[in-house]
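# Summary of structural features
Below, each chain spelled out in residue letters.
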Amino acid sequence: MSDEPAPASRRGLTVLPAGPDALLLEVSGAAESGIAEVLALHERVRAAVDRGEGPWPGVSDVVPAARTVLLHTRPGADLPALGAAARALAASPPPPSSPPAQGEVEIVVRYDGADLAEVAAMTGLDPAEVVRAHTSTLWRVAFGGFVPGFGYLVGGDPRLQVPRRESPRTRVPAGSVALAGEFTGVYPRASPGGWQLIGTTDAVLWDPDRSPPAVLTPGTRVRFVDIEASR
Amino acid sequence: MIPALEVLETGPLVLIEDEGRPGHASVGVGHSGAADRSAHRLGARLVGNDEHLASLEVLLGGLRVRARGRLTVALTGAPAPARVDDRPIGHASLVDLAHGSVLTLGMPAAGLRTYLTVRGGIDVAPVLGSRSADTLSGVGPPPVRAGDVLPVGPAGATFPHVDQAAHPSHAVPWGSGDTGVAELEVLPGPRSAWVGGWGSSLGGLLGTTWHVHGDSDRIGLRLSGFRVERAAPYRDVELPSEGLVRGAVQIPAGGAPVLFLADHPATGGYPVIAVLTASAIDRAAQLRPGDLVRLRPSP
């Protein structure tokens with residue numbers, strides 16, 4: 001049938017239909033570069049929505065993920081115009097010097113996680129080296145979505161890539177700092193979870209009465225600090 | 001005295017809901033809001049409320065409330081027998097509640113969710129700009145319980161101008177041409193290609209008569225009775241998580257579709273092969289476990 005909105009690909013962006021009030025933008029390219037492309041696209045989409053020109057005021061929410069950015073729209077938004085604007089945005093050269101839209105936060109961690117020894121064994125590092133690796137790079141929030149305030153952080157030392165636990169825990173305590181795949185994350189509240197726990201933080205990452213309620217918004221840069229070293 | 005509804009009794013679940021909470025999905029807070037948006041909006045129009053004011057979403061009746069002060073209310077959504085003190089009242093009608101009078105809402109004969117809208121709206125404290133209870137993230141007001149006193153906000157400048165609305169066709173989910181099977185219209189989803197592409201049967205999604213599974217709630221409606229088959233190139237492909245919309249028809253690993261409703265997660269890791277139209281979402285929100293449903297492409 002011909003009435004399917006044709007997925008149009010240009011400069012690595014595919015615009016996919018997502019019902020009456022949304023468009024899904026998918027970046028192409030190698031899997032490992034997808035997140036960097038998504039972060040760049042997300043930043044430019046946010047800026048376009050903030051400027052509020054053309055079809056962008058029709059966007060009510062923007063949701064980055066591993067390879068996609070979802071645009072939720074208000075009823076009656078012009079989806080074809082928005083798709084075209086998104087393609088133009090992706091194809092245009094990046095702004096000359098975009099200052100980081102989000103700030104940098106420090107999260108102080110007690111590296112006492114239940115899986116620290118196991119992570120050390122899996123990575124071939126000793127626990128102190130795991131801590132040094134975790135604290136030595138500037139991480140960046142790629143996307144959220146698991147529970148309010150949880151962020152998937154990328155940009156870590158590649159030696160820290162470990163699989164999820166074979167059987168997830170039914171309860172991971174709030175403040176647990178954990179690893180899985182290329183990601184690190186902090187559980188904002190107690191919840192089930194399958195990530196490898198390496199430490200704990202007292203930082204409150206989610207508070208609906210605070211503005212903004214989440215510390216780890218997409219794009220935010222994060223440095224983990226060892227509480228022992230910070231004393 | 002602040003006008004209020006004093007809750008004397010609740011049925012299985014009574015939630016405060018409005019038009020939802022967009023803007024926070026990137027930090028894991030979904031949009032939530034009334035499951036049957038058109039029923040919520042009809043209630044707002046009847047009593048002269050702005051649609052952003054909150055109403056009560058009553059699952060399967062069982063609600064008894066006493067008016068504090070003189071209130072104007074309307075019942076919309078799933079039609080259920082109702083009375084004020086001993087006097088029966090109509091569905092989708094303006095009803096005046098004298099101070100101290102008690103409104104009793106019975107069990108709907110069909111459908112799931114009846115909306116009680118009060119002129120002025122349920123005026124609990126908003127969280128992140130909305131009074132909606134999100135059953136997935138836990139954001140928003142807790143479920144309504146017996147003993148709660150729900151403040152009613154000041155009436156707006158708009159006055160009610162009709163006393164009664166025609167029953168919308170989705171008041172019973174399968175509409176007026178009652179075949180016993182609800183027909184829900186879908187639009188293309190981002191991953192329609194994973195099940196053969198738009199124009200195909202979408203791996204059997206279209207043309208199958210599905211049962212609504214008992215494990216259904218405001219997060220999503222689970223369908224059973226068949227398995228949607230992926231097209232050959234996608235059989236063993238994993239989909240990285242991506243943003244989800246209300247109305248998304250997602251096919252998890254087992255092949256049994258999930259129709260996501262108001263409290264859907266912000267992201268999901270299984271392909272969304274179609275998306276319900278806005279009115280189909282509202283009808284889906286009124287389907288009960290055991291109901292029969294068919295999906296067809298929106299013309």
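These numbers come from a predicted model, not from an experiment.

## Concerning unusual backbone geometry
Only a minority of non-glycine residues have a phi that is not negative, and only a minority of peptide bonds are not trans. Look at the link from S211 of chain A to P212 of chain A: it is a cis peptide, with omega at -5°. Residue position: P212 of chain A is located in the loop between β13 (196-200) and β14 (221-226). Even without being a glycine, D85 of chain B presents a positive backbone phi close to 55°. Turning to its location among the elements, D85 of chain B is positioned in the loop between β6 (82-84) and β7 (87-89). Judged by relative accessible area, D85 of chain B falls into the partly exposed class, the value being 40%.

## A few points about the interface of chain B and chain A
Each partner contributes to the interface: chain B provides 33 residues, whereas chain A provides 36 residues. Considering only the surface of chain B that becomes buried against chain A, S26, V27 and W198 of chain B emerge as the three largest contributors, covering 21% of it. At the surface where chain B touches chain A, the tally comes to one salt bridge. A salt bridge links R191 of chain B to E26 of chain A; the shortest N-O distance between them is 3.0 Å. Where chain B packs against chain A, one counts seven residue pairs in polar contact (both at pLDDT 80 or more). Among the secondary structure elements, those contributing two or more residues to the side of chain B that touches chain A are β12 (181-188), β15 (242-243) and β19 (272-276) of chain B. Tallied by class, the residues present in the side of chain B that touches chain A amount to 19 nonpolar, twelve polar and two charged.

## Some words on the packing of aromatic side chains
Residue and element names in this part refer to chain A. Summed over all chains, the structure comprises 13 aromatic pairs over all chains. Look at F150 and Y152: their rings are 5.1 Å apart centre to centre, the planes differ by 85°, and that puts the pair in the edge-to-face class. Residue Y152 is classed as buried on the basis of its relative accessible area, which comes to 15%. Taken together, a centroid distance of 5.6 Å and an interplanar angle of 65° make the contact between Y152 and W195 edge-to-face. Taken together, the positions of Y152 in strand β8 (residues 151-154) and W195 in the loop between β12 (191-193) and β13 put the pair 43 residues apart, joining distant regions of the chain. A relative accessible area of 4% means that W195 is categorised as buried. Three or more aromatic residues joined by ring pairs make a cluster, and in this case those are F143, F146, F150, Y152, F183, Y187 and W195.

## With respect to the sheet that holds strand β14 (residues 220-224) of chain B
Read around the closed barrel, seven strands run β12-β19-β16-β17-β14-β13-β20 (chain B), paired in mixed fashion. Pairwise comparison of adjacent strand axes, ignoring direction, gives a mean angle of 40° for this sheet.

## A look at the nonpolar core
Nonpolar side chains tend toward joint burial in soluble globular proteins. Residues and elements named next belong to chain B. Among the nonpolar cores identified, the biggest contains 28 residues, and L5, L56, L63, L103, L116 and I122 are the most heavily contacted of them. Excluding residues that lie within four positions of it along the chain, L116 makes contacts with L5, S55, L56, L63, V65, V73, A74, L75 and L103. By size, the runner-up hydrophobic cluster in this structure holds 26 residues, among which are L184, W210, I281 and A284.

## Points about the domain arrangement of chain B
All names here are of chain B. Assigned domains of chain B: these are domain 1 (4-151) and domain 2 (181-297). If you average the C-alpha positions of domain 1 and of domain 2, the two centres end up 28 Å apart. Taken together, the 28 residues of domain 1 in the interface contact 15 residues of domain 2. Carbon and sulfur atoms make up 46% of the surface buried where domain 1 meets domain 2, a total of about 1,600 Å² over both sides. Counting the surface domain 1 buries against domain 2, the share from its top three residues, A35, R113 and L136, is 31%. The tally of links between domain 1 and domain 2 comes to two salt bridges. Of the charged contacts, one joins R218 and E17 as a salt bridge, the two residues approaching to 3.2 Å between their closest N and O atoms. Taken together, the connections running from domain 1 to domain 2 amount to 15 residue pairs in polar contact (both at pLDDT 80 or more). Among the elements of the structure, β2 (13-17), α1 (37-47) and β10 (113-118) are those that each provide at least two residues to the side of domain 1 that touches domain 2. Residues belonging to the side of domain 1 that touches domain 2 are distributed by class as follows: 13 nonpolar, nine polar and six charged.

Thresholds applied
Residues numbered from 1 in each chain as written. Chains lettered and ligands numbered in written order. Predicted model: local features only at pLDDT ≥ 70, side-chain atom pairs only at ≥ 80, totals over all residues. Heavy atoms only, no water. Helix = DSSP H or I, 4+ residues; strand = E, 2+ residues; numbered from the N terminus. Buried < 20%, exposed > 50% of the residue type's maximum accessible area, 1.4 Å probe, protein only. Contact = heavy atoms within 4.5 Å. Buried area = accessible area lost by both parts, 1.4 Å probe. Salt bridge = Lys/Arg side-chain N within 4 Å of Asp/Glu carboxyl O. Polar contact = N/O pair within 3.5 Å; in protein donor to acceptor, adjacent residues only side chain to side chain. Nonpolar A, V, L, I, M, F, W, Y, C, P; charged D, E, K, R; others polar. Phe/Tyr/Trp six-rings, centres within 6.5 Å; stacked < 30°, edge-to-face > 60°. Pairing = 2+ DSSP bridges. Axes fitted to C-alpha atoms, helices over the stretch in contact; angles between N-to-C directions. Core = buried A, V, L, I, M, F, W, Y, C linked by side-chain atoms within 4.5 Å. Domains from an automatic or database assignment.

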